[in-house]
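Fold and contact review
Single-letter residue listing:
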Amino acid sequence: MLIATDPATDTDTEVQDDQVPQALRDVGESAEGIYDQAKVGDWPQARANLAALQHSAQLLGQTASHRASGTDQLMGSINQLSRAIAAPDQQAIQAYANQVTLLAAQMTQAYPTRVPVEITLPDYYGRQLEVDAARGNLAPL
């Protein structure tokens, strides 16, 4: 028997899990948005998402427990991303935004989730292949 679910109330996705802090989920989503905006050259929206990303990371730093051991590395990548957006340097923005998505996924591993974090990694790897190809770094391909 198939059970129907209401999409409006369905929270069983890899990025929506009650155990993962909302700020951490927002960090990953904002970084992915910045990557997509850099890809099409939407600098105003990339800057707006950067502000949201920085706010979420600040909240994460204030509320996360020992589980968020990657917070310092995350903040370093966000600072590099901020400098790239100020330039704007499309390739650097995409590389740093993608790095932030990876760090957010790795930090999520410290929390119990219904769906393994590894499910989100193919998106990261696909974006990384785009970054490497744009830079002419064909070895990873």
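Just so you know, these numbers come straight off a predicted model, no measurement behind them.

This part takes up the overall build of the protein. When you go through the protein residue by residue, the secondary structure sums to 5 helices and 0 strands. Listed by position from the N terminus, the elements making up the protein come as α-α-α-α-α. Of the roughly 8000 Å² of accessible surface on the protein, 51% is carried by carbon and sulfur atoms.

As a further point, take the environment of Val117. Along the chain, the position of Val117 falls in the loop between helix 4 (90-108) and helix 5 (121-134). Separated by 12 residues in the primary sequence, Val117 and Ala105 place their C-alpha atoms 6.3 Å from one another. If we ignore the near neighbours within four places in the chain, the residues touching Val117 are Ala105, Thr108 and Gln109.

What follows is about the pattern of salt bridges. Evaluated as defined, the whole model comprises 2 salt bridges. One salt bridge connects Glu32 with Arg127, and the closest N-O pair in it is separated by 3.6 Å. In this pair, Glu32 is assigned in helix 1 (residues 22-40) and Arg127 in helix 5, connecting sequence segments 95 residues apart. Residue Arg127 is classed as buried on the basis of its relative accessible area of 9%. Across the salt bridge formed by Glu130 and Lys39, the nearest N and O atoms sit 3.0 Å from each other. Remark: Lys39 occurs in helix 1 and Glu130 occurs in helix 5; sequence separation between them is 91 residues. Judged by its relative accessible area of 34%, Glu130 is partly exposed. By relative accessible area, Lys39 is classed as partly exposed at 44%.

Rules and cut-offs
- Residues numbered from 1 in each chain as written.
- Predicted model: local features only at pLDDT ≥ 70, side-chain atom pairs only at ≥ 80, totals over all residues.
- Heavy atoms only, no water.
- Helix = DSSP H or I, 4+ residues; strand = E, 2+ residues; numbered from the N terminus.
- Areas by Shrake-Rupley, 256 points an atom, 1.4 Å probe, with all protein chains shown as cover.
- Contact = heavy atoms within 4.5 Å.
- Salt bridge = Lys/Arg side-chain N within 4 Å of Asp/Glu carboxyl O.
- Buried < 20%, exposed > 50% of the residue type's maximum accessible area, 1.4 Å probe, protein only.

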